[in-house]
Amino acid sequence: MSSKKAVGWLLHIIGITAGIIFVLALIQRSGFEPFLQKIRLASPLGLAAALMAYSGSWIFRTWRLRILAGPQGAGVSFFEFFKLHIASFGLNVVLPARLGDLALIAFLRVKGIKTAQSAAIVLQTRILDLLALLVLAIPLLSFTLGLSSPFWIASTLAACLLIVLVIVGIVSLDKKQRIAEVLEKLKTSRPKAVFNAVLDKLKEAYATYHHMITDGTLFVRTAAASLAIWVSEAVCCYLIALALSSRIPLPSVIIALSVANIGKGIPLTPGGLGIYEGILSAVLVLFGVPYGTAVVVAVLDHNLKKVFNLLWGIPVAAGMGMSIRKLTDLAKAWKISPT
């Protein structure tokens, strides 16, 4: 194992450890016995309903991926797209540096979708997720808390909204694809094959991404799918609360879940472990949920979803022959391959 790879794994393990410690600290504050008691009293039927709601989110995730794949993915079945997507999520849970996203690019490439388009798809799913979370959270937060919204929530949402508007705005206004022309001009006539190949890939990826943003029908369909994904995830969280005999208003759950998912996008710990639970429980407490209940809801919500992704994703990834070594080899090959 190279020293660079060893450092990556060491940081990954440190991140997981820090996340676990943070979750334990959250639980310890309310008491381990009350925490476990709430879990023991949770309705199995209610938790099963929550799992079904989360499963439903994968219908919309798969549909969105299929739409973004376009004609190049016409020969791939819906279930195959599901397996490709869930495998990447499973790998992201256990591997460092979001290698699951790299795996999704690799899986799509195997299905005949070029690397540049696959990279654009991965980027667009991230942007659409962020946009959907903002569209759900901002109006509800304005309606429920208004000017009394905590600064850290309002500033986080405002910053993320600015990022999305800048990215989408620049691409939308670039009607003649001037950015692609700039990338072409950066190419050199000197023998720098690798550098030129990378620029070619970036130019191709940008052209694909430009289409995803500027095609109105495509954008609306994928944005609608993204909204459905996160509403389904919020319903899952809401049903977990019901399983604990806690009635939390769905708008409050949607706001808390949106802010938590935006927050865990900051790669402080793998998969947002600890970060997600901390933010979700904090926002729920803000809406009057007892701290102990909020922590149980947050921990169950995150773990139910992660376990689902792992139980589906890892066996699928293994069945496709995906390994850390293969991901590394693919990453090196893509630096010099034009496809």
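Residues numbered from 1 in each chain as written. Predicted model: local features only at pLDDT ≥ 70, side-chain atom pairs only at ≥ 80, totals over all residues. Heavy atoms only, no water.

1. A few points about the overall build of the chain
Note the cut-off: Strands here are runs of E lasting at least two residues and helices are runs of H or I lasting at least four, both read from the DSSP assignment and numbered beginning at the N terminus. Buried residues are those whose accessible area, probed at 1.4 Å on protein chains only, stays under 20% of the maximum for their type, while exposed residues exceed 50% and partly exposed ones sit between those limits. For accessible areas, the Shrake-Rupley method is used with a probe of radius 1.4 Å. Any residue's cover is judged against the shown protein chains and nothing else. A residue counts as positive if it is Lys or Arg and as negative if it is Asp or Glu; His and the chain ends are not included. The atom standing in for a charge is NZ when the residue is Lys, CZ when it is Arg, CG when it is Asp and CD when it is Glu.
Counting secondary structure elements, the chain contains 14 helices and zero strands. Secondary structure elements of the chain occur, N-terminal to C-terminal, as α-α-α-α-α-α-α-α-α-α-α-α-α-α. For the chain, the C-alpha atoms occupy an extent of roughly 70 × 45 × 35 Å along the three principal directions. With 339 residues in all, the chain has 48% of them scored as buried. Surface accessibility of the chain: about 16,400 Å² in total, with carbon and sulfur atoms responsible for 71%. Averaged over its 32 positive side-chain charges, the chain has a centre that lies 3 Å from the centre of its 14 negative ones.

2. Digging into the packing of helix 5 (residues 99-110) against helix 6 (residues 115-144)
Between two packed helices, the angle of one axis relative to the other and the distance separating the axes together describe the packing. Spelled out, the test is: Working convention: axes come from line fits to C-alpha atoms, limited for helices to the stretch in contact. Angles between N-to-C directions cover 0 to 180 degrees. Orientation categories follow fixed angle ranges, with anything under 35 degrees roughly parallel, anything over 145 roughly antiparallel, 65 to 115 roughly perpendicular, and all other angles oblique. Throughout, a crossing is termed right-handed when the near helix is turned clockwise from the far one, and left-handed when it is turned anticlockwise from it by less than a right angle. By definition in these notes, contact holds between two residues if any of their heavy atoms fall within 4.5 Å. Note on residue categories: nonpolar means Ala, Val, Leu, Ile, Met, Phe, Trp, Tyr, Cys or Pro, charged means Asp, Glu, Lys or Arg, and polar means any other residue, Gly included.
At their nearest, the axes of helix 5 and helix 6 sit 9 Å apart, and the two run at 135 degrees to each other. In terms of orientation, helix 5 and helix 6 fall into the oblique class. Remark: the crossing between helix 5 and helix 6 carries right-handed chirality. Where helix 5 abuts helix 6, its residues Asp101, Leu104, Ile105, Leu108 and Arg109 lie against Thr115, Ser118, Ala119, Ile121, Val122 and Arg126. Its residues assigned to classes, the contact of helix 5 with helix 6 shows six nonpolar, two polar and three charged.

3. Quick notes on a nonpolar patch on the surface
To keep it simple, the criterion reads: Here, patches come from residues exposed beyond 30% relative accessible area and free of salt bridges, joined within 9 Å for like charges and within 5 Å for nonpolar side chains (Val, Leu, Ile, Met, Phe, Trp, Tyr). Any carboxyl oxygen of Asp or Glu that lies within 4 Å of a side-chain nitrogen of Lys or Arg is treated as forming a salt bridge with it.
There is a patch of nonpolar side chains on the surface, built from Val7, Leu10, Leu11 and Ile14 and spanning about 380 Å² of accessible area. With respect to the helices and strands, the residue Ile14 is situated in helix 1 (residues 3-30). With relative accessibility at 46%, the residue Ile14 sits in the partly exposed group.

4. A closer look at the environment of Ala49
Relative to the elements of secondary structure, Ala49 occurs in helix 3 (residues 44-69). Look at Ala49 and you get partly exposed, because its relative accessible area is 31%. When the C-alpha positions of Ala49 and Val235 are compared, they lie 9.5 Å apart, and in sequence the two are 186 residues distant.

5. So, the side chain of Thr62
Locating Thr62 in the fold gives a position in helix 3. On the basis of relative accessible area, Thr62 is assigned to the buried category, the value being 0%. The residues contacting Thr62, other than those within four sequence positions of it, are Phe78, Phe81 and Phe82.

6. Observations regarding the pattern of salt bridges
Counted according to the given criterion, the structure contains nine salt bridges. One salt bridge connects Asp129 with Arg64, and the closest N-O pair in it is separated by 2.8 Å. Taken together, the residues span a long stretch of sequence, with Asp129 in helix 6 and Arg64 in helix 3 at a distance of 65 residues. For the residue pair Asp129 and Arg64, the accessibility class agrees, reading buried in each case. Across the salt bridge formed by Asp101 and Arg126, the nearest N and O atoms sit 2.9 Å from each other.

7. What about unusual backbone geometry?
One non-glycine residue, Gln177, lies in the positive phi region at around 50 degrees. On the secondary structure map, Gln177 appears in the loop between helix 7 (151-173) and helix 8 (178-185). Non-glycine residue Ser245 carries a positive phi angle of around 65 degrees. Among the secondary structure elements, Ser245 is positioned in the loop between helix 10 (216-243) and helix 11 (250-263). Among the residues examined, Ser245 registers a relative accessible area of 69% and is labelled exposed.

8. Quick look at the environment of Phe143
With respect to the helices, strands and loops of the structure, Phe143 is situated in helix 6. Taking relative accessible area as the criterion, Phe143 reaches 73% and is therefore assigned exposed. In the structure, Phe143 is positioned 21 residues away from Val164 in sequence and 22 Å away in space, judged by C-alpha atoms.

9. Regarding the packing of aromatic side chains
The condition is simple: Each pair of aromatic rings taken from Phe, Tyr and Trp, with Trp reduced to its six-membered ring, is defined by centres within 6.5 Å and is described as stacked if the planes are under 30 degrees apart, edge-to-face if over 60, and tilted in the remaining cases. Lysine and arginine charges are scored as sitting over a ring when NZ or CZ, respectively, is within 6 Å of the ring centre and within 35 degrees of the ring normal.
Scanning the model with the defined rule gives five aromatic pairs in all. Ring plane angle 80 degrees and centroid distance 5.0 Å describe the contact between Phe82 and Trp312, whose orientation is recorded as edge-to-face. One end of the pair, Phe82, is in helix 4 (residues 78-94); the other, Trp312, is in helix 13 (residues 291-319), and 230 residues separate them in sequence. One aromatic cluster is present, built from ring pairs that chain together Trp58, Phe79, Phe82, Phe89 and Trp312. Sitting above the plane of the Tyr291 ring, Arg29 keeps its charged end 4.7 Å from the centroid. Against the face of Tyr276 rests Lys264, its NZ or CZ located 5.2 Å from the ring centre.

10. Describing the packing of helix 10 against helix 11
Packing of helix 10 against helix 11 leaves a shortest axis separation of 9 Å and a crossing angle of 115 degrees. Taken together, the axes of helix 10 and helix 11 lie roughly perpendicular to each other. Remark: the crossing between helix 10 and helix 11 carries right-handed chirality. Here Trp230, Glu233, Ala234, Cys237 and Tyr238 of helix 10 come into contact with helix 11, specifically with Leu250, Val253, Ile254, Leu257 and Asn261.

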